[in-house]
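Topology and contacts: notes
Residues per chain, in single letters:
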Amino acid sequence: MGLVDCEVQTEVKFLLSAVESGEDGGFTRRVWNRNYSPQLDYNSVSREVFMRKGIKKCIYMLLILIFVGGAGIIFIGYYCPDSVCSMRSVPSVRYSEMRDGINRFHLETDVIGMPLSDSLRSGTGPSFEDVISRDFQFDIEDHDVIVFLHIQKTGGTTFGKHLVGDLDLARSCVCHRRVKKRCTCLRPGPNSDEMWLFSRHSTGWKCGLHADWTELTSCVDDMMDKIEDHEVKRRYFYITFLRNPLHRFLSEFRHVRRGATWKNARLLCQGRHATKEELPHCYETETWENVTLDEFMACESNLAINRQTRMLADLSLVGCYNSSMMKPEERGKTMLLSAKNNLKKMAFFGLTEHQEISQYLFEETFNLKFRVRFNQYNQTISDMAIQEIDSETLKHIEELNSLDIELYEYAEELLQKRFKKLSSQDTHFKDHFENMG
């Protein structure tokens, strides 16, 4: 007598017998009979039990797969590096956060702006509001460093020379004749082997030729450690100069036409350089010498276009130099919002068209005095150049640089607001302002 699986026997005891076919083609139901022999339908019952086992195994496997998949998604979301797991949709999410934060806390309050929430703050160091509240007053004898973000054709060279040559300091910068445009600016006091200024004229282009905000904020600290050959916790005070976008754009055009290229600029963002596919060359020869204004404007990858906005924005928000990551309109809005807020959070910025106000703001913000009075930049040449341009071309230049124009309007309002605030707190304002330098 063959052995019957115990599970099969149990199933047989409680299972109704199969449906049987009658002689007349109809169907009759056979109910359980104690005299019924299980061996008669053993094969059919065994198959049914086997199918039930298979279904159970499939369910178990499905549950296991769901669990493993969910755990994997959670792991990737929390532990996968951004550089590996970043998606195309990330920039627009970050843009939405910035836009909502600015609209709610920035534009609706004082029109000029307020700092973003901590989650959206960037590495610009103490802001203007921080410094004038005296919570973060600049201390040249401690470990504070002024970082000058030098944008092309904004009068930055002149201001940079003022920083290394004209400040009334206990320990002046020492400029070297053998090293062109280079001065050593060491601190007075106990930290006399440290530098207090990071700029073209003090350290050179250590973070790249005309490094922008994205490059500087990711580079300065490590570079200062290398320069001074030791690590120390520093506070960085970012400063810059802006200029009327039309004048600046035409000034760069004339400079490029004479042979300037800035080919050695690194254009570094998130650890990689801009590729030729992302920024095709505007010219095939060594320089763009003798370029016409129409040719200059026609090149879409010409970095002169909206240069000030690009150099003040966090480019990681827009996929760096990969313009395919976002729609042009959204990309422009994101860069503009980022540039405005980075400018807002800088300890100081000046405007080429407002030299005296800029000097006063610098002296009051950092409690440092210049031995000379800044000369107002001569705009005669720029004004004449604009007058020589026909209205249609001028309108095209304005359209191309619409982001810079909006940024500059914002900067003018913000500069006046800062000036009004500091001058109202200065009990000797009139004497101080008239006798600067």
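Residue indices begin from 1 for each chain and proceed along its sequence in written order. Only residues with pLDDT of at least 70 are given local features in this predicted model, and only at 80 or more are side-chain atom pairs given and counted; all residues enter the totals for whole chains, interfaces and linings. Side-chain numbers here rest on the full set of heavy atoms in the structure, without hydrogens or water.

1. Some words on the overall build of the protein
Definition in use: Working definition: helices are DSSP H or I runs of at least four residues, strands are E runs of at least two. Numbering for both runs from the N terminus. When accessible area is computed with a 1.4 Å probe and restricted to protein chains, residues below 20% of their type maximum are described as buried, those above 50% as exposed, and intermediate ones as partly exposed. Here, residues are in contact when the closest pair of their heavy atoms is within 4.5 Å. The protein chains shown are the only cover counted for residues, whose accessible areas, like all others here, come from Shrake-Rupley with a 1.4 Å probe.
Helix and strand content of the protein: 16 helices and 10 strands. Residues counted as buried form 45% of the 437 residues belonging to the protein. Long-range contacts, defined as pairs at least 24 residues apart, comprise 72% of the intrachain contacts of the protein with a sequence gap of at least 6. Summed over all atoms, the accessible surface of the protein reaches about 24,900 Å², with 54% contributed by carbon and sulfur.

2. Description of a negative patch on the surface
Going by this rule: By definition, no residue in a patch forms a salt bridge, and every one has over 30% relative accessible area; like charges are joined within 9 Å, nonpolar side chains (Val, Leu, Ile, Met, Phe, Trp, Tyr) within 5 Å. Any carboxyl oxygen of Asp or Glu that lies within 4 Å of a side-chain nitrogen of Lys or Arg is treated as forming a salt bridge with it. Counted charges follow a simple rule, with Lys and Arg positive, Asp and Glu negative, and His plus the chain ends left uncounted. Think of each charge as sitting on NZ of Lys, CZ of Arg, CG of Asp or CD of Glu.
Taken together, the side chains of Asp294, Glu295, Asp390 and Glu392 make up a negatively charged region of the molecular surface. By the element assignment, glutamate 392 lies in helix H14 (residues 391-400). For glutamate 392, a relative accessible area of 66% corresponds to the exposed category.

3. A closer look at the side chain of aspartate 166
Our working definition: Polar contacts here mean pairs of N or O atoms no more than 3.5 Å apart (in protein, one a potential hydrogen donor and the other a potential acceptor; neighbouring residues in sequence count only if both atoms are side-chain atoms).
Note on placement: aspartate 166 falls in the loop between helix H6 (156-165) and strand S4 (174-175). Of the side chains bearing the opposite charge, arginine 371 lies closest to the buried aspartate 166, which forms no salt bridge; the N-O distance is 4.9 Å. Among the polar contacts listed, one links the side chain of aspartate 166 to the side chain of histidine 162, at a separation of 2.7 Å.

4. A word on the state of the cysteines
Note the cut-off: The definition used for a disulfide is geometric: two cysteine sulfur atoms within 2.5 Å.
Scanning the entire structure with this criterion turns up 5 disulfides. In this model, cysteine 207 is linked to cysteine 219 through a disulfide, with the two sulfur atoms separated by 2.0 Å. Note on the cysteine 207 and cysteine 219 pair: the S-S dihedral is about -90°, so by sign convention the disulfide is left-handed. Here cysteine 207 is found in the loop between strand S6 (197-198) and helix H7 (213-228), whereas its partner cysteine 219 is found in helix H7, with 12 residues between them in sequence. Neither cysteine 207 nor cysteine 219 differs from the other in exposure class; each is buried. Linked covalently through their sulfurs, cysteine 269 and cysteine 320 form a disulfide whose S-S length is 2.0 Å.

5. Focus on helix H12 (residues 355-366)
This is how the line gets drawn: The span one expects for a helix is its residue count, reduced by one, times 1.5 Å.
The terminal C-alpha atoms of H12 lie 17 Å apart, and with 12 residues this matches the ideal 16 Å at 1.5 Å per residue to within 8%. Counted residue by residue, H12 has 11 buried out of 12 residues, so it is predominantly covered. Buried within H12 are the following residues: Gln355, Ile357, Ser358, Gln359, Tyr360, Leu361, Phe362, Glu363, Glu364, Thr365 and Phe366. Asparagine 367 occupies a position one or two residues after H12 and carries a positive phi of about 55°.

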